[in-house]
Amino acid sequence: GDISSQLHGGYSHPLARTWQAERQLTKSMLILPLFITDNDDEETLIPSLPGQYRRGINKIVPFLEPLIRKGLRSVILFGVPLAPGVKDALGTAADDPKGPVMSTIRLLRQRFPQIFIVADVCLCEYTSHGHCGILRDDGGLNNELSVDRISDVAIAYAQAGCHCVAPSDMNDGRIRAIKLKLIEAGIAHKTVLMSYAAKFSGCLYGPFRDAAGSVPSFGDRKCYQLPPGGRGLARRAIERDIAEGADIIMVKPASQYLDIISDAKDIGRNMPVAAYQVSGEFAMIHAGAKAGVFDLKTMAFEATEGILRAGATIVVSYFTPDFLDWLEV
Ligand SMILES: NCC[C@H](CC(=O)O)[C@@H](CN)CCC(=O)O
Ligand SMILES: [Zn+2]
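Thresholds applied
Residues numbered from 1 in each chain as written. Chains lettered and ligands numbered in written order. Predicted model: local features only at pLDDT ≥ 70, side-chain atom pairs only at ≥ 80, totals over all residues. Heavy atoms only, no water. Axes fitted to C-alpha atoms, helices over the stretch in contact; angles between N-to-C directions. Helix = DSSP H or I, 4+ residues; strand = E, 2+ residues; numbered from the N terminus. Parallel < 35°, antiparallel > 145°, perpendicular 65-115°, else oblique. Left-handed = near helix turned anticlockwise from the far one by under 90°. Contact = heavy atoms within 4.5 Å. Nonpolar A, V, L, I, M, F, W, Y, C, P; charged D, E, K, R; others polar. Salt bridge = Lys/Arg side-chain N within 4 Å of Asp/Glu carboxyl O. Buried < 20%, exposed > 50% of the residue type's maximum accessible area, 1.4 Å probe, protein only.

**Q** Explain the packing of helix 3 (residues 100-111) against helix 4 (residues 143-160) to me, please; I cannot follow it from the model alone.
**A** For any two helices packed against each other, one specifies the crossing angle of their axes together with the interaxial distance. For the pair helix 3 and helix 4, the least separation of the axes is 9 Å and the interaxial angle reads 25°. For the element pair helix 3 / helix 4, the angle class is roughly parallel. Between helix 3 and helix 4 lies a crossing whose hand is right-handed. Side by side, helix 3 and helix 4 meet where Val101, Met102, Ile105 and Arg106 of the first sit next to Ala156, Tyr157 and Ala160 of the second. The class makeup of the residues in the contact of helix 3 with helix 4 is six nonpolar, no polar and one charged.

**Q** Mind showing me how you'd approach the pattern of salt bridges here?
**A** A side chain of one charge can pair with a side chain of the opposite charge when the charged atoms of the two come close. Counted according to the given criterion, the structure contains 19 salt bridges. One salt bridge connects Arg240 with Asp172, and the closest N-O pair in it is separated by 2.7 Å. A residue pair is termed long-range when its members are at least 10 positions apart, and Arg240 in helix 7 (residues 231-243) and Asp172 in the loop between strand 6 (164-167) and helix 5 (174-184) qualify at 68 residues. Taking relative accessible area as the criterion, Arg240 reaches 24% and is therefore assigned partly exposed. Look at Asp172 and you get partly exposed, because its relative accessible area is 48%.

**Q** What's the story with the packing of helix 9 (residues 279-290) against helix 10 (residues 296-309) in this structure? I'm lost.
**A** Direction vectors running N to C along helix 9 and helix 10 enclose 145°, while the axes themselves pass 9 Å from each other. For helix 9 against helix 10, the interelement crossing comes out right-handed. Contacts from Ile285, His286 and Ala289 in helix 9 reach Leu296, Met299, Ala300 and Ala303 in helix 10. The residue inventory of the contact of helix 9 with helix 10, partitioned by class, reads six nonpolar, one polar and no charged.

Given below as structure tokens:
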């Protein structure tokens, strides 16, 4: 055919194929989720999340030390209070200074000063009803009370020393409230505000909810997480959160929402876009590999390559410990 039809030459060598990718996965792009419980010496495997554990604070340092030597740069903390009677309607335990998240923030700052600490901010792990906020009498979220409480929790985590707060609640206006309170507290200049801006309701969070004990006691999250078909709604939520002061936009889940990641990069072209490869995505890849559908490592890379191709340069992934072994840099 004529010369313009010839593409094969351009990717005829492994390096030339690597060059076709705009972004390469590196260790510094990865954030490892950690589940921290209030039983200090616990280290319990989470059956639905292969290779992932719920750990007490005394098990965190020995677990992280080798990963940091391999190049781990960042963790995102999820508190899992198991002590009886801790959970209440307001999620009071969320910002308990002696609670698992704030204790771990202080420990990591002291023990591993080079690690970038992200604190997930939500109430679902601390509320008796398991929803991501404070409820109205009719069972829906009271947006005003939820935003006020969640922004208070974010400030408490930032003042405990986390480098980044990441509200995963999906209440309207929480980004603006957190930014204003960070400014009032005089710590806005040293706290990254990462918004779970486009977070969709769906079936991919099951293993996480097992791990975190954060299953809603009634109903679901369909009135505050986005409907899976809502591409325009996601664009509006991303635009809103950027306007309210988000420094990083996150899309979640990832592989089933690559168009949303692409939209986020299009709208937030001047800022980093993160994607959360959620528990269901991780468990699905493991299940597929176990069923012999594909090789685990190959699929982990292919899934993550798609997330990067769509525009993400930060990936929250349970594969992080594996990638630290699989990647050179
Ligand atoms: N704050 C909500 C937590 C939410 C799951 C849920 O909707 O219950 C995610 C954590 N930010 C789940 C993450 C995952 O499934 O890996
Ligand atoms: Zn929540």
